[in-house]
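# Geometric and topological summary
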Amino acid sequence: MEQSLRPVVDETRGIYRVPRRAFVDPGVFERECRAIFDKCWLYLGHASELPNPGDYVTRKVAGRPMLFTRDKDDQYHALINVCPHRGAVVCRERKGSSPAFQCMYHGWVFANTGRLMVVPGHAGYPADYKDDPGKQLSHAPRFDRFGDFFFVSFAADGEDLATYLAGAGDYLKLVSEQSSKGMTIVGGTQEYSIRGNWKLLAENSVDGYHAASTHSTYLEYLKNANGSTHDTRLAGFGHDLGNGHAVIEYFAPWGRPIANWIPLWGEEGKREIEAIQQDLTARLGQERAERIAKQSRNMIIFPNLVINDVMAITVRTFWPTAPDYMEVNAWALAPAEESEWLRKFRLFNFTEFLGPGGFATPDDVEAIEKCQTGYQAAREAQYNDISRGMLREGGSAYDDELQMRCFWNEWDRRIQEHGA
Amino acid sequence: MTREAEIDAMLLQHRVQSFLFHEADLLDRWQLNEWEALFADEASYLVPPTDVDGDFADPSKSLFYIFDDRTRIHERVVRLEKKGAHSEFPRSKTRHLVSNVRASADGDTIEATASFAVWRSKDGNTDIFVGHYAYKLVEIDGALRIAEKKCVLDMDALRPHARISILL
Ligand code: FES
Ligand SMILES: [Fe+2]
């Protein structure tokens with residue numbers, strides 16, 4: 001008999017087990033594509049990536065080549081970057097500024113609104129051919145923004161973006177509010193891959209439990225390099241944000257360019273950090289300012305957007321192309337008005353922990369890839385355990401596994417709803 | 001070029017090339033403390049991302065993969081010497097091929113460029129990093145030392161792998 005795909009859950013006894021088959025089965029991967037990636041709101045990009053009318057970026061979203069544009073009237077568009085004629089990818093640049101795009105194959109030209117403008121040799125077509133709705137660049141079926149974060153959905157129907165984001169919306173605001181001028185994606189993208197199932201990175205990104213073991217060398221480094229506030233211990237809570245989204249919010253020993261000072265930044269840096277915190281307090285009130293300045297947050301927005309507001313802010317997506325392989329993209333987000341000095345420290349901080357060359361991410365990758373290898377025995381060693389903290393009184397700790405349970409409940413709901 | 005100038009250029013070329021080959025050998029033998037000792041007191045080790053012009057990008061303005069000052073170069077080695085650096089424990093096997101070396105002296109600084117291909121093998125996977133080095137070398141007590149080592153990846157993205165957990 002085929003092993004069940006459903007998590008084994010018993011709230012009263014504190015049991016939550018996830019079948020490892022969910023990480024290796026090609027059929028499960030196919031179902032996820034239909035039940036999750038064809039339906040959910042998916043992150044496309046940030047407004048700051050298109051600072052001027054005419055700007056565009058191209059990237060893949062759930063495997064689809066997308067062209068994200070801003071037209072001359074400041075309207076944003078999420079276009080499917082595929083020629084309606086015979087299907088070639090139209091814009092082949094990563095980013096730039098252009099009012100129009102010409103397909104290299106037969107030369108059709110499209111405005112950055114998606115409108116077909118020129119068909120070479122048009123005499124071969126009826127007179128009104130260019131106006132045929134089927135001959136324009138397609139738009140993502142749904143496209144919306146939450147603040148400066150843009151999302152698409154490939155399902156024509158479904159709940160609106162704000163409803164979908166549920167409690168995650170306020171946490172996106174906690175990021176946006178760090179600037180009075182707007183947050184900006186800093187140039188330079190970390191693009192890498194992990195030989196593991198995409199859900200492993202969803203779990204890992206909000207896993208407070210693994211820090212002490214997986215990242216012992218990083219935590220030791222912080223002490224050595226004056227990079228820490230010695231009296232701060234890792235401590236905080238995990239929260240269910242609804243719809244599969246979850247966050248851990250906690251105090252940590254690392255410096256935060258907004259606005260947790262560390263000795264490495266010197267006395268001058270201290271004055272700058274204090275000024276930032278004063279500005280936060282003036283704009284947002286004492287409590288919220290304090291929370292933004294001092295606490296770190298790792299958030300997963302179902303299914304595959306991670307925003308970690310830690311020693312820097314990373315915006316991260318990860319896209320499966322097979323059960324055991326994912327493509328990861330990571331950006332740094334920062335207040336637009338940040339001084340050169342602080343921007344430098346932010347990026348210095350980012351690279352100390354995060355990304356393929358950091359002091360921590362390679363060990364996360366090791367953990368993820370070793371899990372994936374372990375799941376080759378999914379028939380014999382069947383279950384993951386994510387029950388930590390289920391019976392704890394007084395709320396979930398940052399190093400409990402509530403976050404993963406939120407993710408898996410939603411995963412299960414969507415997979416079941418979709419059917420086999 | 002006069003004959004003397006030509007001989008000077010040859011000597012410089014030979015010296016820089018030997019230095020880079022020595023460095024590659026240390027890395028492939030995981031002699032990390034010796035590797036670290038090749039750096040000057042003020043130094044940086046940089047790996048830009050692949051979607052910017054790595055020859056000109058500034059790590060204080062765009063996000064890099066690696067943005068180490070001298071302290072962090074040291075800490076990187078300290079970390080890699082520990083068992084807790086899980087990605088490299090047990091150690092991967094690496095091989096650095098260094099070629100197309102060019103060097104020119106500009107006052108006290110020697111600028112050198114070279115092409116590299118680095119293979120990292122572990123757990124059934126062999127991954128390749130391809131790119132070019134841009135060095136700033138200085139002479140300290142008669143020996144060459146690295147003031148800056150920049151590894152520009154000539155790759156579309158860091159795929160299919162994820163880890164610059166070795167030293168490039
Ligand atoms: S495929 Fe684009 S013009 Fe023919
Ligand atoms: Fe981690």
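Criteria and thresholds
Residues numbered from 1 in each chain as written. Chains lettered and ligands numbered in written order. Predicted model: local features only at pLDDT ≥ 70, side-chain atom pairs only at ≥ 80, totals over all residues. Heavy atoms only, no water. Helix = DSSP H or I, 4+ residues; strand = E, 2+ residues; numbered from the N terminus. Rg over C-alpha atoms; globule rule 2.2 N^0.38 Å. Buried < 20%, exposed > 50% of the residue type's maximum accessible area, 1.4 Å probe, protein only. Contact = heavy atoms within 4.5 Å. Areas by Shrake-Rupley, 256 points an atom, 1.4 Å probe, with all protein chains shown as cover. Lys, Arg positive; Asp, Glu negative; His and termini not counted. Charge placed at Lys NZ, Arg CZ, Asp CG, Glu CD. Axes fitted to C-alpha atoms, helices over the stretch in contact; angles between N-to-C directions. Nonpolar A, V, L, I, M, F, W, Y, C, P; charged D, E, K, R; others polar. Buried area = accessible area lost by both parts, 1.4 Å probe. Salt bridge = Lys/Arg side-chain N within 4 Å of Asp/Glu carboxyl O. Polar contact = N/O pair within 3.5 Å; in protein donor to acceptor, adjacent residues only side chain to side chain. Phe/Tyr/Trp six-rings, centres within 6.5 Å; stacked < 30°, edge-to-face > 60°. Lys NZ or Arg CZ within 6 Å of the ring centre and 35° of its normal. Patch = residues over 30% accessible without salt bridge, like charges linked within 9 Å, V, L, I, M, F, W, Y side chains within 5 Å. Donors = N, O, S within 2.8 Å, 3.2 Å for Na, K, Ca; no water. Tetrahedral: all angles 85-135°; square planar, octahedral: opposite > 155°, others 65-115°.

### Observations concerning the overall build of chain A
Regarding its fold elements, chain A presents twelve helices and 20 strands. Over its C-alpha trace chain A gives a radius of gyration of 23 Å, about what one expects of a compact globule, namely 22 Å for 420 residues. In terms of overall dimensions, chain A has a C-alpha envelope of 75 × 65 × 35 Å along the principal axes. Taken across its 420 residues, chain A has 60% of its residues classed as buried.

### Some points on the overall build of chain B
When helices and strands are tallied, chain B shows three helices and six strands. Its helices and strands taken in sequence order, chain B reads α-α-β-β-α-β-β-β-β from the N to the C terminus. For chain B, the C-alpha radius of gyration of 16 Å lies close to 15 Å, the compact-globule estimate for 168 residues. Its C-alpha atoms put chain B at 55 × 30 × 30 Å along the principal axes. Long-range pairs, those at least 24 residues apart, make up 60% of the contacts in chain B between residues at least 6 apart in sequence. Element-wise, carbon and sulfur atoms account for 51% of the exposed surface of chain B, whose accessible area totals about 7800 Å². Positive and negative charge centroids in chain B, built from 22 and 29 side chains respectively, lie 8 Å apart.

### Remarks on the packing of helix 5 (residues 198–205) of chain A against helix 12 (residues 402–418) of chain A
Residue and element names in this part refer to chain A. For the pair helix 5 and helix 12, the least separation of the axes is 9 Å and the interaxial angle reads 145°. Every residue of helix 12 that contacts helix 5 at W198, K199, A202 and E203 is listed here: M404, F407, W408 and W411. The residue inventory of the contact of helix 5 with helix 12, partitioned by class, reads six nonpolar, no polar and two charged.

### Focus: the interface of chain A and chain B
Each partner contributes residues to the interface: chain A has 43 residues there, and chain B has 37 residues. Looking at the side of chain A facing chain B, the largest losses of area belong to A:R195, A:F348 and A:F359, adding up to 18% of the total buried there. Ionic pairing is found between B:R163 and A:E366, a salt bridge with its closest N-O pair at 2.6 Å. Counting every contact that joins chain A to chain B gives 28 residue pairs in polar contact (both at pLDDT 80 or more). The element best represented in the side of chain A that touches chain B is strand 13 (residues 183–194) of chain A, accounting for nine residues.

### Looking at the packing of aromatic side chains
Within the structure shown, the criterion is met by 36 aromatic pairs over all chains. With 5.7 Å between their ring centres and 25° between their planes, A:Y250 and A:Y398 make a pair best called stacked. Taken together, the residues A:Y250 in strand 15 (residues 245–251) and A:Y398 in the loop between strand 20 (383–385) and helix 12 connect sequence positions 148 residues apart. You can call A:Y250 buried: its relative accessible area is 4%. A relative accessible area of 10% places A:Y398 in the buried class. Site record: aromatic cluster; members linked through ring pairs are A:F23, A:F37, A:W198, A:F302, A:W319, A:Y375, A:F407, A:W408 and A:W411. Looking at A:K270, its charged tip hangs above the ring of A:W261, at a distance of 4.3 Å from the centre. One cation-aromatic arrangement involves B:R72 over A:F348; the distance from NZ or CZ to the ring centre is 3.9 Å.

### Here's the deal with a nonpolar patch on the surface
A surface patch of nonpolar side chains, amounting to about 320 Å² of accessible area, comprises B:L97, B:W119, B:I128 and B:V130. For B:I128, a relative accessible area of 38% corresponds to the partly exposed category.

### With respect to the coordination of the iron ion (ligand 2)
Residue and element names in this part refer to chain A. The coordination sphere of the iron ion (ligand 2) contains the protein donors H210 (NE2), H215 (NE2), D364 (OD) and D364 (OD), at a distance range of 2.0 to 2.5 Å. One can describe the site at the iron ion (ligand 2) as irregular: its four donor atoms subtend angles covering 57 to 149° at the metal. We note that the donor set of the iron ion (ligand 2) lies within a single chain, spaced as H-x4-H-x148-D. With H210 in the loop between helix 5 and helix 6 (211–214) and D364 in helix 11 (residues 361–374), this residue pair connects regions lying 154 residues apart in the sequence. Residue class for H210 comes out buried when judged on its relative accessible area of 15%.

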